[in-house]
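# Structure at a glance
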Amino acid sequence: MCMKVENSIKKNILVIFVLFCSVQLFAQRPVTSATTSSQPATPETYTEGGQLYEWGQGNDIILESVVYDGETYFVNDLFTQISYNIVRVSGNGGITYDRFGIFAAENSGNFNYAPSLPGGVGNPSMQALLDEPVINRGANDIFKNATATAQNIERVDVLYDPFTIPNLPTLDKIGFLALEKDGNSTYKAAIVTSLDGSGNPLTWGPVVTIASANYGIVTADFEFAFLVNSSAGGNPTRTGQNVEAVGVSIITLSDLGVGTGDTVYGISFFDSNVADDADLSDVTNTSEFPNANGGGADIYGGLGAISVAISTLRGTIYQDIDGDGTRDANEPGIPNVCIFVSKQ
């Protein structure tokens, strides 16, 4: 079997943030509500099997923030994401190409869809589907290996510029988003603790399970169509439909078993049938990553996005050579800086 890593590289962005923490500790709980925004989707069409498919006929619904334990966690680019990797094993599930499986909110009829087609016609993209926090579409049966809509995806890696955790009163104010259609399917995650020379995950922290009890339903039901393509780069065709809502959970740094002084490189997601003590690097080993159905997770966009209960401060960090408090032309900027300011 051959392992393939699809990745998208993100431009580095300098962001400074102020994190206000209390001394209260709390356990992981489902998100209780969410704030969304809408933007006009990109209209596109194609014909498959004599049927016209129309995308972008409404809006893309963007997840902006969630409420967890009474606090608002904002979903944005406070941390610099450097790559979003879809790790496939060719042949798993009988699939030897980069299959694209999506569920999308219907706009008007069975073949007319509200959101944009991620990646566009002729180039549908699983990376864009999972990375972009659009929640009226998502990845269908992402880790399944034994159904008509089977995938050959074994792991999803969301990697960031590494950051070292400072001494904070609590690590429950920073978390990664995990989303699931109707919040009724289980999958797993582990924090990435080091990378190899090629920039791929090498070691992980403890495995955590995201079960149905960990999701909070934050939207009304959508009428979703299920679609999948049948060849590399092919456009997806309809296979079914269902009515379901959006379930969201936050996995905090505390949940993930990291602490002061640890360096975080990102987070990986995988099927519920992967054992907690599995070698997460060996996706081609069916003893570690079974070539079978597991939790059947259907995952919305925004998977692995970092959400933080924060106030933000944006600007430039620079070397104040003359100490006058004003940036001069000869004073260089300092990139990739995160400032944590905690309130005890």
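It should be noted that the structure appears before, not after, this text.
About the thresholds
Residues numbered from 1 in each chain as written. Predicted model: local features only at pLDDT ≥ 70, side-chain atom pairs only at ≥ 80, totals over all residues. Heavy atoms only, no water. Helix = DSSP H or I, 4+ residues; strand = E, 2+ residues; numbered from the N terminus. Buried < 20%, exposed > 50% of the residue type's maximum accessible area, 1.4 Å probe, protein only. Lys, Arg positive; Asp, Glu negative; His and termini not counted. Salt bridge = Lys/Arg side-chain N within 4 Å of Asp/Glu carboxyl O. Contact = heavy atoms within 4.5 Å. Pairing = 2+ DSSP bridges. Core = buried A, V, L, I, M, F, W, Y, C linked by side-chain atoms within 4.5 Å.

### Describing the side chain of Glu154
Mapped onto the secondary structure, Glu154 falls in strand β11 (residues 153-164). The side chain of Glu154 sits in the buried core without any salt bridge; Arg88 is the nearest counter-charge, 9.3 Å away. Glu154 has contacts with Val87, Val89, Asn92, Phe143, Asn145, Phe269, Phe270, Val283, Phe289 and Pro290, leaving out every residue within four places of it along the chain.

### Notes on the sheet that holds strand β10 (residues 137-139)
With antiparallel pairing, the 5 strands of this open sheet are ordered in space as β18-β17-β9-β10-β21. Each having just a single partner strand, β18 (237-244) and β21 (299-300) make up the two edges of the open sheet.

### Quick look at the sheet that holds strand β6 (residues 59-68)
One open sheet holds the 7 strands; their spatial order is β3-β6-β7-β22-β12-β19-β16, and the pairing between them is antiparallel. Unpaired on one side and paired on the other, β3 (33-40) and β16 (216-217) mark the two borders of the sheet. Relative to strand β19 (residues 246-252), β16 runs antiparallel, the two sharing 2 bridges. Its bridge partner lying in β19, Gly216 is registered against Val248.

### Considering the nonpolar core
Of all hydrophobic cores here, the largest spans 48 residues; its most connected members are Val156, Tyr187, Leu253 and Phe269. Val156 has contacts with Tyr84, Asn85, Ile86, Leu130, Ile142, Phe143, Ile267, Ser268, Phe269 and Leu303, leaving out every residue within four places of it along the chain. Counting residues in each nonpolar core, the second largest holds 22 residues, with Ile61, Ile135, Phe222 and Tyr300 among its members.

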